[in-house]
Amino acid sequence: MKKGLLITLEGPDGSGKTTQIQLLEEYLKQKGFEIIKTREPGGTPISEKIRNIILDNRNTEMSDMCEALLYAASRAQLVNEIIKPSIEEGKIVICDRFVLSSIVYQGIGRELGIEKIKYINQAALEGLEPDLTIMLTIPYEEGLKRKYKQKTLDRLENSGNKFHEKVFNGYLDISKNYDKIKLVNANKNVKEVHNQIVEIVDSLIKNK
Ligand code: TYD
């Protein structure tokens, strides 16, 4: 494999992405691949600062457009500083959320519109597209319940059930139209979910 790969994980809050990314990283490292694991919003010192602004519950007056632009700004830094160079060096980048999150959370959830979100993000992406997106599906109520048990909810998680329902349905609708988005049922035990992910990732690597 000369050039690397970008694999992104998506799903509602509490779908178990973090655990599954950890397991996928270990699996691919054992196979001898160089892995860069990162997350959005965040993943670089600048992007993590932007993350703190976005998720801060005190920022009640943040406009939806400001939120969308901050996600794109955080992404621009991550793409430029980490993702693009790593792929050039032949590494596999695994990213916890990417532009699809902006499309569904800001485009559909906040109702800014998908086209506007794509437009905002075009400059941030520098032409980069994920090679594979794994979407963990879990009813949004179940996901939020899991989150609530783990920690205090952040500003996005606190956006109400209606918002999360729109986000979840948005994910499902968009996934239908893209071959590169693979759905994985996350309402199963950790090992079963991991096995489904490994099967999809192995087939991507084999066909590369
Ligand atoms: P995440 O890091 O997955 O949350 P946590 O670590 O608490 O599980 O994402 C933070 C929140 O940001 C999450 O509610 C989804 C939201 N988000 C967007 O609304 N748009 C985006 O573009 C991204 C990347 C995340």
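**Thoughts on the nonpolar core**
- Counting 23 residues, the largest nonpolar core has Leu9, Leu28, Ile197 and Val201 as the members making the most contacts within it.
- For this core, the elements supplying multiple residues, two or more each, are strand S1 (5–10), helix H1 (17–30), strand S3 (92–96), strand S4 (132–137) and helix H8 (190–206).
- Top contributing element to this core by residue count: H8, with seven residues.
- Those residues in contact with Leu28, other than ones at most four positions away along the chain, are Phe33, Ile35, Ile92, Ile94, Val201 and Ile205.
- Leu70, Ala72, Val104 and Tyr171 belong to the second largest nonpolar core, which has 22 residues in total.

**A word on the sheet that holds S4**
- Spatially, five strands are ordered S2-S3-S1-S4-S5 in an open sheet, and the strand pairing comes out parallel. Each having just a single partner strand, strand S2 (35–39) and strand S5 (181–185) make up the two edges of the open sheet. In this sheet, neighbouring strand axes are inclined to one another by 20° on average, regardless of whether the strands run parallel or antiparallel.
- Sheet analysis places S4 next to S5, joined by five bridges and oriented parallel. The residue bridging Leu136 from the neighbouring strand is Val184, located in S5.

**Section: the pairing of S1**
- Most of S1 sits inside the fold, with six of its six residues counted as buried.
- Burial of S1 is two-sided: the residues Leu5, Ile7 and Leu9 facing one way and the residues Leu6, Thr8 and Glu10 facing the other way are all buried.
- Taken together, the five bridges between S1 and S3 define a ladder with parallel strand orientation. Each bridged residue has a counterpart across the sheet, and for Leu5 the counterpart in S3 is Ile92.
- In this structure, S1 lies alongside S4, joined through four bridges in parallel fashion. Paired with Glu10 across the two strands is Met135, which belongs to S4.

Scoring rules and cut-offs
- Residues numbered from 1 in each chain as written.
- Predicted model: local features only at pLDDT ≥ 70, side-chain atom pairs only at ≥ 80, totals over all residues.
- Heavy atoms only, no water.
- Core = buried A, V, L, I, M, F, W, Y, C linked by side-chain atoms within 4.5 Å.
- Buried < 20%, exposed > 50% of the residue type's maximum accessible area, 1.4 Å probe, protein only.
- Helix = DSSP H or I, 4+ residues; strand = E, 2+ residues; numbered from the N terminus.
- Contact = heavy atoms within 4.5 Å.
- Pairing = 2+ DSSP bridges.
- Axes fitted to C-alpha atoms, helices over the stretch in contact; angles between N-to-C directions.

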